[in-house]
Structures are given as C-alpha cells and as structure tokens.
Amino acid sequence: MPRFRPILDTMPAYKPGKAVTTSDGRSYKLSSNESPYEPLPSVVAAIAEGARLVNRYPDPGAVELTEALAGRLGVPAEHLALGAGSVTVAQQLFESVGDPGVEVVYAWRSFEAYPLLADLAGVTSVRVPLAGEDHDLDAMAEAITDRTRMVFVCNPNNPTGTAIRERELVAFLDRVPEDVLVVLDEAYREYVRDESVPDGLTLYRDRPNVCVLRTFSKAYGLAGLRVGYLVGHEPVAAAVRKTIVPFAVNQLAQVAAVASLAAEGELLERVERVVKERTRVREALIAQGWEVPPTEANFVWLRLGERTMDFAAACAVEGVAVRPFAGEGARVSIGDPEANDAFLAAAAGFRTS
C-alpha cells in the first residue's frame with residue numbers, strides 16, 4: 001500500500017460553492033462570488049483567436065500579460081508574478097516560506113483556503129479570531145513571534161465583506177517586523193467604494209515586506225480560466241516565480257486577461273452595476289430585520305450561528321445556492337437583479353417562518 005503524508009488523513013478538502021436547481025428549473029448560483037456577466041465580446045473574440053494556438057505551450061513568462069499589467073498598475077514588470085488564480089499564487093507563497101516550525105498568521109474566519117495551503121506547505125497556522133466581523137489587527141500583531149514568516153490580511157475579508165481602513169492598516173504594518181512578509185489579499189479590490197480603505201499598491205512601494213494579491217476571477221469575470229498575480233518587491237516576486245508550476249497560466253488565460261485589461265472601462269461599468277445591487281440587497285435585508293455588516297466585496301454576510309444550514313436549505317428550495325459555513329453564517333454573492341430578488345424572497349420567507 002503506498003504511503004502518503006499523514007496530514008492528508010486529517011485535512012479537509014476545499015469546498016467550492018455549489019449550484020442548486022428546483023424541480024421547475026429555477027437555479028441561481030450565489031455561492032462562489034462569480035461575476036454574473038458573461039465575458040465581453042472582445043474578450044470572447046480574443047479567446048477564440050487564442051484557441052488556434054493551443055497546440056503550442058503558452059509563454060512560460062506571460063510576457064505580454066506581465067507588461068500589460070505593469071503598465072496598467074504603474075509598477076515595474078519585475079515586481080509581478082503570475083499564477084493560476086490568486087489562490088495558486090498564495091500557495092506559491094506558502095511554499096516559499098514553508099519550513100518545519102514556521103508559523104503563518106491570519107484572521108479567522110477568513111478565506112477558507114488559508115488553512116489548507118498552510119497544512120500542505122507543512123507550516124503552522126496561527127488563527128486570530130475576528131473582532132465581531134472585522135480583523136483584530138492588534139491581536140494579529142501580538143500573535144507574531146520569532147517563528148512567524150508570513151501574515152495574510154484579506155481586505156476586503158472573505159466571507160464577511162468587511163474592510164480595513166488605511167490608518168488601522170498602516171499602524172499594523174508599522175508593528176510587523178521587517179523579516180515577516182505581509183500579504184494583502186485584495187481579490188475584491190475593484191468593488192471597494194469606501195475611500196478610507198487603502199489600495200495595497202500604495203502601501204507596498206516603500207515596504208519591501210509587503211505584497212499584494214489580486215485576481216482576474218471576480219471583477220474581470222475570468223473565474224473559469226484562472227489568472228491571478230502578485231505585486232511585490234523583486235525578492236518576493238522572484239521567490240513566487242521560482243515556485244510556479246511550468247506553464248501554469250495557460251494560453252487562453254493569458255490572452256483573455258490581456259483583452260480584459262484593454263476593455264477595462266466596459267468591465268468596470270459592470271462592476272458598478274454589481275456595487276449598486278450590493279447596496280440594494282443589503283438595504284433590503286436590513287429592512288427585513290437582518291443584521292448585515294457593511295461590505296466592500298461582491299457579497300453579503302449573514303451571521304446565523306446554528307441556523308446557518310437551515311437557512312441554506314430554505315434558500316435551496318427556492319433555487320438559490322448560498323455558501324454556508326456551518327455554525328457561523330452564510331455568504332451570499334451578488335448576482336443579477338433576478339437572482340438577487342429570488343434570494344431576498346427566500347430570506348424574507350425564512351425570517352418569517
């Protein structure tokens with residue numbers, strides 16, 4: 001019998017958001033924080049043209065995409081590292097710091113992949129409980145020891161949607177030792193409208209131990225192609241590039257991301273529609289009597305405790321798939337108006353049942 005690492009016996013598998021369908025065909029997937037919009041025609045055309053080259057390996061350095069990103073973000077190309085989605089770039093970071101006895105600090109609950117990636121890399125997770133629905137940055141700073149190599153700060157936080165303001169984040173960064181890497185996970189940055197929430201790209205520039213993670217999966221609508229990237233100083237970006245699987249960012253992903261950057265104006269109009277729907281959904285939930293924390297992402301969070309799975313089941317009856325975290329709460333993505341209305345009706349029905 002083959003022998004495997006003992007951690008695999010106890011490590012739970014990642015649970016993606018699921019879809020549900022009623023007997024009459026209603027199906028609204030609000031469980032994965034995906035864009036509700038299909039790719040723009042110009043992006044589809046680029047993908048179709050790129051398909052002519054799938055008999056060839058993709059550019060391993062993704063030079064065209066790297067240069068396009070560097071120009072768009074105003075950063076040196078050598079400060080960029082790409083991967084198959086930002087979660088894979090996060091995995092590359094864990095692998096870059098992973099040694100026996102190493103600790104990685106992050107808030108909990110936060111992005112559910114963090115503990116899985118930590119276990120796979122053989123590092124010790126230090127989970128710092130949220131303060132209400134927000135990061136407890138003081139407690140996170142106090143959790144840093146001489147064994148800490150990396151700290152993840154998910155901003156806005158997944159699944160609560162809450163965001164950290166600039167003054168608090170800068171004060172936290174000032175407390176982190178220079179040899180500890182701070183990863184600002186900004187997968188939902190494009191949805192932020194609170195001007196007091198900082199852009200991580202303005203913070204990393206004079207801090208060699210700070211880097212930023214972003215993705216094309218959410219606002220850019222390329223979840224099915226998997227493109228993510230890191231922005232950090234050269235030693236950080238170089239370490240991540242060393243841990244990438246060769247050709248991880250495929251040909252179609254590269255051309256779609258380049259085309260998406262070229263069509264960014266149209267894409268951000270779609271983002272604005274999602275933001276407006278986010279406001280409408282949150283206000284409607286509050287009017288129903290729910291407590292809903294302010295959110296700067298493309299989802300809302302309901303703290304439901306022991307009612308969480310019952311709530312998810314009630315939504316499923318109406319064809320609405322949400323993302324439940326048993327015993328804690330449910331994260332609900334913002335979809336198109338029809339999907340959002342179906343969710344609001346399900347939430348209202350559960351509230352009065």
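Calculation criteria
Residues numbered from 1 in each chain as written. Predicted model: local features only at pLDDT ≥ 70, side-chain atom pairs only at ≥ 80, totals over all residues. Heavy atoms only, no water. 1 Å grid on protein atoms, 1.4 Å probe; cavity = no way out; pocket = protein on both sides within 12 Å on 5 of 7 lines; lining within 4 Å. Points joined across faces, edges and corners; volume = space filled by probe spheres on them. Nonpolar A, V, L, I, M, F, W, Y, C, P; charged D, E, K, R; others polar. Phe/Tyr/Trp six-rings, centres within 6.5 Å; stacked < 30°, edge-to-face > 60°. Helix = DSSP H or I, 4+ residues; strand = E, 2+ residues; numbered from the N terminus. Buried < 20%, exposed > 50% of the residue type's maximum accessible area, 1.4 Å probe, protein only. Lys NZ or Arg CZ within 6 Å of the ring centre and 35° of its normal. Contact = heavy atoms within 4.5 Å. Pairing = 2+ DSSP bridges. Expected span 1.5 Å × (residues − 1). Polar contact = N/O pair within 3.5 Å; in protein donor to acceptor, adjacent residues only side chain to side chain.

Engineer: Explain empty space enclosed by the protein here, please?
Structural biologist: Here the idea is plain: a probe the size of a water molecule rolls over the atoms and shows the empty space left. Summed over all chains, the structure comprises one cavity of 30 Å³ or more. Empty space within the largest cavity amounts to approximately 60 Å³. In terms of lining residues, the largest cavity is bounded by Ser 35, Tyr 37, Glu 38, Tyr 191, Lys 218, Ala 219, Tyr 220, Gly 221, Leu 267, Arg 270, Val 271 and Val 274. A class-by-class count of the residues in the lining of the largest cavity yields seven nonpolar, two polar and three charged.

Engineer: Any chance you could explain the packing of aromatic side chains here in plain terms?
Structural biologist: To describe a pair of aromatic rings, one takes the distance between the centres and the angle between the planes. With the rule as written, the count across this model stands at 14 aromatic pairs. With a centroid separation of 4.6 Å and 25° between ring planes, the pair formed by Tyr 57 and Phe 247 is classed as stacked. Of the two residues, Tyr 57 is situated in the loop between α2 (41-50) and α3 (63-73) and Phe 247 in the loop between α9 (234-242) and α10 (251-262); the sequence distance between them amounts to 190 residues. Centroid distance Phe 94 to Phe 152: 5.3 Å. Interplanar angle 10°. Geometry classified as stacked. Placement of Phe 94 in helix α4 (residues 86-97) and of Phe 152 in strand β5 (residues 148-154) is noted, with a sequence separation of 58 residues between them. The exposure class assigned to Phe 94 is buried, which follows from its relative accessible area of 0%. Site record: aromatic cluster; members linked through ring pairs are Phe 94, Tyr 106, Trp 108, Phe 111, Tyr 114 and Phe 152. Above the face of the Trp 108 ring, Arg 127 is positioned so that its terminal group lies 4.7 Å from the ring centre. Note that Arg 323 overlies the ring of Phe 325, its terminal NZ or CZ placed 4.6 Å from the centroid.

Engineer: Is there a simple way to explain α9 in this structure?
Structural biologist: For an α-helix, 3.6 residues make a turn, and residues three or four places apart therefore share a direction. For α9, the full list of buried residues reads Val 236, Ala 237, Ala 238 and Val 240. Contacts made by the buried residues of α9 are with β2 (80-83), α4, β6 (181-185), β7 (210-215) and β8 (228-231).

Engineer: Would you take a moment to explain the pairing of strand β12 (residues 329-333) for this structure?
Structural biologist: Each regular strand carries side chains that alternate between the two faces of the sheet. Summarising burial for β12: five of the five residues are buried, a large majority. With three bridges joining them, strand β11 (residues 323-325) and β12 adopt antiparallel strand pairing. Directly across from Phe 325, in β12, lies its bridge partner Gly 329.

Engineer: What exactly am I supposed to notice about α10 here?
Structural biologist: The end-to-end C-alpha distance of α10, which contains 12 residues, comes to 17 Å, matching closely the 16 Å that a straight helix rising 1.5 Å per residue would cover. With nine of 12 residues buried, α10 lies mostly within the body of the structure. Here α10 has its buried residues at Gln 251, Ala 253, Gln 254, Ala 256, Ala 257, Val 258, Ala 259, Ser 260 and Leu 261. On its buried side, α10 packs onto α2, α3 and α11 (264-288). You can read the cap of α10 off the contacts: a side-chain oxygen lies 2.9 Å from the backbone nitrogen of Leu 252, and it is on Asn 250.

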